[in-house]
Amino acid sequence: MSRPEHIAPPEIFYNDDEARKYTSNSRMIQIQAELTERAIELLKLPEDSNPLVLDVGCGSGLSGEVLSEHGYQWVGVDISRSMLSVAVDAERKGDVLEWDIGCGLPFKPASFDAVISISAIQWLCNADFSGAVPHKRLSAFFSSLYHSLQRGGKAVLQWYPENSKQMEMVTGVATRCGFTGGLLVDFPNSTKAKKYYLVLFTGGGVQALPQALGTENSTRSQAQVDRSGRSYHDRSGPGNKRGPSHRDWVKHKKDRARAQGKDVKSDSKYTGRKRARW
């Protein structure tokens, strides 16, 4: 089955008919709601706050409706006029804007407290028209996204990377634009349930990523990066100047493989243990 982004650009693929079918499909509505709930959970917004949230690739407003149910104010951007028309007709509570995010976001600095995106940023990885360079479009998007967020703001972008090369390109561009954070993979060992979330932070420093779902026996199922784009692994304690142990090194390699979507066995007490020689 072909991926939608391989068939046509989003503003063409999501025409009037496709927009109506997408929004009236009960299965799609359920999936969109579940992904949005998970994105909100990963944002960890304070309960007593009244944040303004940007919904990137808001489409017909299904994810925005979940934001409204949580009491959040939101603004949505999408390139498909047909999808936005459905949102307007449905009288979603948020404001929506027709915009190509690959050209950079049009908002003033520090406009939003948080950002979510459901199934959208993979569209930036394709050259849909003459002169479109995915790397440049990603840079324009992440640079403007960084400046649109308040200091200390967070972004959770759920997406469907096509391969490890695409994952490296997207996470690399995001960190070079100033973000810290990394790629979190829920249910990394499941073909059907596996979901990818790019969890990004502003404000400097390296913050720990939330625990991924379906990884109870794993210490970490995500790749974290500092602002230079380099991955890192926690050492055993503060002030430890030694390199990681053999066990830590093995676990780090397994975590990176999980973050790339590969099937990796769960950690156990035997992980990283050297075999006896007879």
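This one's a predicted model, so the numbers in the text were calculated from it and none came from an experiment.

Rules used throughout
Residues numbered from 1 in each chain as written. Predicted model: local features only at pLDDT ≥ 70, side-chain atom pairs only at ≥ 80, totals over all residues. Heavy atoms only, no water. Helix = DSSP H or I, 4+ residues; strand = E, 2+ residues; numbered from the N terminus. Buried < 20%, exposed > 50% of the residue type's maximum accessible area, 1.4 Å probe, protein only. Contact = heavy atoms within 4.5 Å. Areas by Shrake-Rupley, 256 points an atom, 1.4 Å probe, with all protein chains shown as cover. Salt bridge = Lys/Arg side-chain N within 4 Å of Asp/Glu carboxyl O. Pairing = 2+ DSSP bridges. Axes fitted to C-alpha atoms, helices over the stretch in contact; angles between N-to-C directions. Parallel < 35°, antiparallel > 145°, perpendicular 65-115°, else oblique. Nonpolar A, V, L, I, M, F, W, Y, C, P; charged D, E, K, R; others polar. pLDDT = per-residue confidence, 0-100. Polar contact = N/O pair within 3.5 Å; in protein donor to acceptor, adjacent residues only side chain to side chain. Core = buried A, V, L, I, M, F, W, Y, C linked by side-chain atoms within 4.5 Å.

Q: Summarise the overall build of the protein; cite the residues concerned and give the values.
A: The helix and strand tally for the protein stands at nine helices and eight strands. Residue burial in the protein is summarised as follows: out of 278 residues, 50% are buried. The long-range fraction of contacts in the protein, counting pairs at least 24 apart against all pairs at least 6 apart in sequence, stands at 66%. As presented, the protein carries roughly 14,700 Å² of accessible surface, and 50% of it is formed by carbon and sulfur atoms.

Q: Which residues make up the pattern of salt bridges, and what values do they have?
A: Scanning the entire structure with this criterion turns up eight salt bridges. A salt bridge links arginine 38 to glutamate 41; the shortest N-O distance between them is 3.3 Å. Here arginine 38 and its partner glutamate 41 are both found in helix H4 (residues 26-43), three residues apart, which amounts to about one turn of the helix. We classify arginine 38 as buried; its relative accessible area is 7%. For glutamate 41, a relative accessible area of 48% corresponds to the partly exposed category. Salt-bridge contacts for glutamate 98 lead to arginine 81; the nearest nitrogen and oxygen are separated by 2.9 Å. With a gap of 17 residues between them, glutamate 98 in strand S3 (residues 95-98) and arginine 81 in helix H6 (residues 81-89) connect regions that are remote in the sequence. A residue is classified by how much of its surface remains accessible, and glutamate 98, at 38% relative accessible area, is partly exposed. Residues joined in a network through salt bridges with shared partners are Arg38, Glu41 and Asp186.

Q: Before we move on, can you summarise the pairing of strand S4 (residues 112-118) with the specific residues and values?
A: Burial within S4 is extensive, with six of its seven residues counted as buried. Taken together, the four bridges between strand S1 (residues 52-56) and S4 define a ladder with parallel strand orientation. Paired with aspartate 55 across the strands is isoleucine 116, a residue of S4. In this sheet, strand S5 (residues 149-159) lies alongside S4 in parallel orientation, the contact comprising six bridges. For phenylalanine 112, the partnering residue across the bridge sits in S5 and is leucine 149.

Q: Hey, could you go over unusual backbone geometry for me, with residue numbers and the actual values?
A: Of note, alanine 110 is a non-glycine position whose phi angle comes to about 60°, a positive value. Mapped onto the secondary structure, alanine 110 falls in the loop between S3 and S4. The phi torsion at serine 119 lies on the positive side, around 55°, for a residue other than glycine. Residue position: serine 119 is located in the loop between S4 and helix H7 (134-148).

Q: Break down the packing of helix H3 (residues 16-24) against H4 for me, citing the residues and quoting the values.
A: Viewed as axis vectors pointing N to C, H3 and H4 meet at an angle of 70°, and their least axial separation amounts to 5 Å. In terms of orientation, H3 and H4 fall into the roughly perpendicular class. Contacts from Tyr22, Thr23 and Ser24 in H3 reach Ser26, Met28, Ile29 and Gln32 in H4. Its residues placed into classes, the contact of H3 with H4 shows three nonpolar, four polar and no charged.

Q: Can you explain the confidence of the model for the protein? Please cite residues and give values.
A: The predicted model of the protein averages 85 in pLDDT, with 82% of residues at 70 or higher. Every residue in residues 232-243 is under pLDDT 50, and counting partners more than four places away or in other chains gives eleven contacts.

Q: Can you explain the pairing of S5? Please cite residues and give values.
A: Here six bridges tie S5 to strand S7 (residues 195-201), and the two strands are oriented antiparallel to one another. Note on S7: the bridge partner recorded for leucine 157 is leucine 198.

Q: So what's going on with the environment of threonine 202? Which residues, and what values?
A: For threonine 202, the position within the fold is in the loop between S7 and strand S8 (222-225). The residues contacting threonine 202, other than those within four sequence positions of it, are Tyr146, Leu149, Gln150, Arg151, Gly152, Gly153, Phe179 and Gln207. At a separation of 3.0 Å, a polar atom in the side chain of threonine 202 contacts the main-chain amide nitrogen of glycine 152. Only 2.9 Å separates the side chain of threonine 202 from the backbone nitrogen of glycine 153, close enough to count as a polar contact.

Q: Go over the nonpolar core, please, and point to the residues and values.
A: Core analysis: the biggest nonpolar cluster contains 30 residues, and Phe141, Phe142, Leu145, Leu157 and Leu198 have the highest contact counts within it. The element that contributes the greatest number of residues to this core is H7, accounting for five residues. Here phenylalanine 142 is in contact with Leu157, Val170, Val173, Ala174, Cys177, Phe179, Leu198 and Leu200, once residues within four sequence places are set aside.

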